[in-house]
Amino acid sequence: MAGRINDDDVKAVRDAVPIDAVVSEYLQLRNAGGGNLKGLCPFHDEKSPSFHVSPAKGLYHCFGCQEGGDTVDFVMKIDHLSFTETIERLAAQAGITLRYEEGGYTPGRQQGERTRLVEAHKVAAQFYAEQLDGAEAEIGRAFLAGRGFDQAAARHFGVGYSPAGWDHLTRFLRGRGFTDKELILSGLSQDGRRGPIDRFRGRLMWPIRDITGDVVGFGARKLRDDDNGPKYLNTPETPIYRKSHVLYGIDLAKKDIAKGNRAVVVEGYTDVMACHLAGVTTAIATCGTAFAGEHVKILRRLLMDNSRAKVIFTFDGDAAGQRAALRAFEDDQKFAAHTNIAVTPGGMDPCELRLDKGDDAVRQLIEESTPLFEFALRSVVARHDVDAPEGQAAALEEAAPIVAGIKDSSIRHQYAVRLAGLLGILDTQFVVLRVGQLARWAREREARGDGRSRPAARAAAPAPAAGPAAPPASRGPALNLRSPAHRTERELLKLALQRPDLVAPAFDAYGEDEFTAPPYAVVRRAIETAGGVALADGDYLTRVRDAAPDDTVRSMITELAVESIHAKTVDEIYAGQQLVQVRLRAVERRVREVQGSLVRLGAQSAPDHLAAVQNELWVLQQYGKALQERGAAAL
């Protein structure tokens, strides 16, 4: 059984790794005001950023899907790791040596599965890179040189060579303490007749890294004619490698993609290398699969759906390349970014273009890319004889659905007019109406969820309710943020979590009953259980979150700790106003309760009891008056 990581080491890891640095490995963050940052949530699809990060508090919270927590929670969720694996990964980043209780530290026995598989790939990448310098790898070095890549380029991208023998890497990794089970699970080895053998043999090796820079797989290129395998052989699906979730080169390109609001999608490893060496440092590629949904999500988080951003796909100029470019059309509107197509001349890929015409030609190819819709329409029109009426009609029927698929109505109208010009149809309005008709039918089919077009169904459907759409269901008790009381209670709790110094020590005297929203009362209880605001220190928020009775309340605490305080100046005056308002409303509620008691008691009640109730009412009224007149000084 794996030993438990020492608690002090866990705390050291939490303190050592800034949450904004970790989150920035996965998405672009921008200033959200109040010291917070924001970006597109990696846990659900959204058009505008609702994912907030508070570096000062070490917490994140999405106001769209309600996911939230600290650095450890984020890494656990986004990379599907266990707690132990997460602490081990963050400790490695921070250079912290972990201590394991219940028997000490034993490599291979106590590390999590993912940590072990990533470590195996790291060691394998170093092994392959060293082999590239050997005599056997001359064929690999010649391949690279023939494509314009020297040894410095190979080192920059970590390119290596897998020896042609059966089990060179397998024996090497065994010597480093990895088990046969781990080697098979990692995909680095495969079952042979007498045990595990190397999966990759006699090939040029490209390490495939995830967005954080961890090696999670390899792409292997055939070099010899007697190799009966495919031209490119990739790591199979493993617990750490899913080809639909990785983009080759993303670890090198992510910062420039976010900074320049541009991503260039190419088709192969050598194309990525060629683009980067030519100065196009935003180039990435898929790994043996089509560019699809998960790839879109990775880029959207880096581009942050900036309307000025651009995604450029490069494809060979042959017929297959053009078909691939048109398939990219299906994913275009998943971006707010503009999508362009760059088709290389003469059937050359970017690597061949660089070799033939130099770095400038690669940069020019990217700069002169064509908007995707424009490319799609021109490709369709080119297949028809638009000088003949029959050709015009056929081209219109094929191209009009493409334009109708544009969701933005103003852009759709412009491309409908453009299509009329490309077809040579003088009656522009006819094309515009045809496109509009197809767009309307498509919306009706989508609304019904089937492929039939039945205009009558629209009349039978109930009219949509007026007003804004209902918010997604909350996972906790409902809150009415239109209520002035709830808004003030929320502000006070945010201050207690974010700026405890401004509300101490008065806040600790507030009871749960002073918070009318049940969720807020439970948060107040958690703060009290954690020692109150008077004892706030570096671990204060962690103690409060740990004191939450369940995940729903813990999520609420995180949300309140990250949400911006609604004041331009957050100081003692503002804090005092919130303290007074919450207390004053509590006093007014108690006054109404006591007044009700007096009515129920009537004149026939015991004089002493009646006098006591009347005295309580007088004291409450005087306290309320003092709060109104003197503010926080009366607390």
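Residues numbered from 1 in each chain as written. Predicted model: local features only at pLDDT ≥ 70, side-chain atom pairs only at ≥ 80, totals over all residues. Heavy atoms only, no water.

1. Concerning helix H6 (residues 138-146)
Buried residues of H6: Gly140, Phe143 and Leu144, and no others. All buried residues of H6 lie within an arc of 95° about the axis, which places them on one face of the element. Looking at the buried side of H6, the elements it contacts are helix H7 (151-157), strand E9 (203-209) and strand E10 (215-222). At the C-terminal side of H6, Gly148 shows a positive phi close to 85°. (Buried < 20%, exposed > 50% of the residue type's maximum accessible area, 1.4 Å probe, protein only. Helix = DSSP H or I, 4+ residues; strand = E, 2+ residues; numbered from the N terminus. Arc of directions from axis to C-beta. Contact = heavy atoms within 4.5 Å.)

2. Considerations on the sheet that holds strand E14 (residues 310-315)
As summarised here, the arrangement of the five strands in space is E13-E12-E14-E15-E16, forming an open sheet in which the pairing is mixed. Looking at the sheet topology across the chains shown, the edges are occupied by strand E13 (283-285) and strand E16 (370-371). Pairing of strand E12 (residues 262-266) with E13, which is carried by three bridges, proceeds in the parallel orientation. Within E13, the position partnered with Val266 by the bridge is Ala285. Across the sheet, helix H12 (residues 293-303) touches E12, E13 and E14, and the angle it forms with E12 is around 155°. (Pairing = 2+ DSSP bridges. Axes fitted to C-alpha atoms, helices over the stretch in contact; angles between N-to-C directions.)

3. Details of the pattern of salt bridges
Throughout the structure, instances matching the rule amount to 37 salt bridges. One salt bridge connects Asp9 with Arg99, and the closest N-O pair in it is separated by 2.8 Å. Here Asp9 is found in helix H1 (residues 7-16), whereas its partner Arg99 is found in the loop between helix H4 (83-94) and helix H5 (113-131), with 90 residues between them in sequence. Of the residues examined, Arg99 reaches a relative accessible area of 47% and is grouped as partly exposed. A salt bridge links Arg590 to Glu593, with the nearest nitrogen and oxygen atoms 2.9 Å apart. Of this pair, Arg590 and Glu593 both sit in helix H27 (residues 572-601), separated by three residues, roughly a single helical turn. When its relative accessible area of 33% is taken as the criterion, Arg590 is described as partly exposed. Taken together, the shared-partner salt bridges connect Asp79, Arg89, Arg114, Asp210 and Asp214 into one network. (Salt bridge = Lys/Arg side-chain N within 4 Å of Asp/Glu carboxyl O.)

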